[in-house]
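Now for the letters of each chain:
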Amino acid sequence: QVQLVESGGGLVQAGGSLRLSCAASGRTFSTDTMGWFRQAPGKEREFVAAWRRGATYYGNSVKGRFTISRDVAKNTVTLQMYSLKPEDTAVYYCAAGPAWPVAAQTGYNYWGQGTQVTVSS
């Protein structure tokens, strides 16, 4: 089992920045891919970003504004978000698993509880 705990969500004005962190514990050798997804009210959960074997991947809506990084030794993954927009408002979830392609939610075995990000206009 792998436990994922997110932190760093909150309220920010449009144009601002936020940093989300996810700490993994347990059988972390099974976390080949670590990713972030988000779900806004009334919408389906969507892929945001992922780290897999040293490579990074981004959803089209966040490309150029968000940066994902992973500290393998500490078993953490971080999502640095810049130039936030009101449409970035959502619950952000950390996920881990063997996922490939990285945007496929079915490839993630473990999910965090989510952290709320609210961007005001």
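An account of the accompanying structure is given in this report. Treat the numbers as computed from the prediction; the structure is a model and nothing was measured.

## A short note on the environment of Ser83
Mapped onto the elements of the fold, Ser83 is located in the loop between strand E8 (76-81) and strand E9 (90-97). With relative accessibility at 41%, the residue Ser83 sits in the partly exposed group. Distance in space between the C-alpha atoms of Ser83 and Thr106 is 30 Å, their sequence separation being 23 residues. Setting aside chain neighbours within four positions, we find Ser83 in contact with Gly15, Gly16, Ser17, Arg65 and Asp88.

## As for unusual backbone geometry
Cis geometry marks the peptide bond from Trp100 to Pro101; its omega dihedral reads 0°. Along the chain, Pro101 turns up in the loop between E9 and strand E10 (110-111). Notably, Arg53 is not glycine yet its phi reads approximately 50°, a positive angle. With respect to the helices and strands, Arg53 occurs in the loop between strand E5 (46-52) and strand E6 (55-58). According to the relative accessible area criterion, Arg53 is exposed, its value standing at 62%. Positioned with a positive phi, Ser83 is a non-glycine residue whose angle comes to about 45°.

## Describing the nonpolar core
Here is a general trend for soluble globular proteins: nonpolar side chains tend to be buried in one another's company. Leu4, Trp36, Leu79, Met81 and Tyr92 are the most contacted members of the largest nonpolar core, which has 27 residues in total. For this core, the secondary structure elements donating two or more residues are strand E1 (2-7), strand E3 (18-26), strand E4 (33-39), E5, strand E7 (66-71), E8, E9 and strand E11 (115-120). With residues up to four places along the chain from it excluded, the contact list for Met81 reads Gly16, Ser17, Leu18, Leu20, Arg65, Phe66, Tyr92 and Val117. Core analysis: the second largest hydrophobic core is formed by 7 residues, Phe47, Ala95, Ala99 and Tyr108 among them.

Calculation rules
- Residues numbered from 1 in each chain as written.
- Predicted model: local features only at pLDDT ≥ 70, side-chain atom pairs only at ≥ 80, totals over all residues.
- Heavy atoms only, no water.
- Helix = DSSP H or I, 4+ residues; strand = E, 2+ residues; numbered from the N terminus.
- Buried < 20%, exposed > 50% of the residue type's maximum accessible area, 1.4 Å probe, protein only.
- Contact = heavy atoms within 4.5 Å.
- Core = buried A, V, L, I, M, F, W, Y, C linked by side-chain atoms within 4.5 Å.

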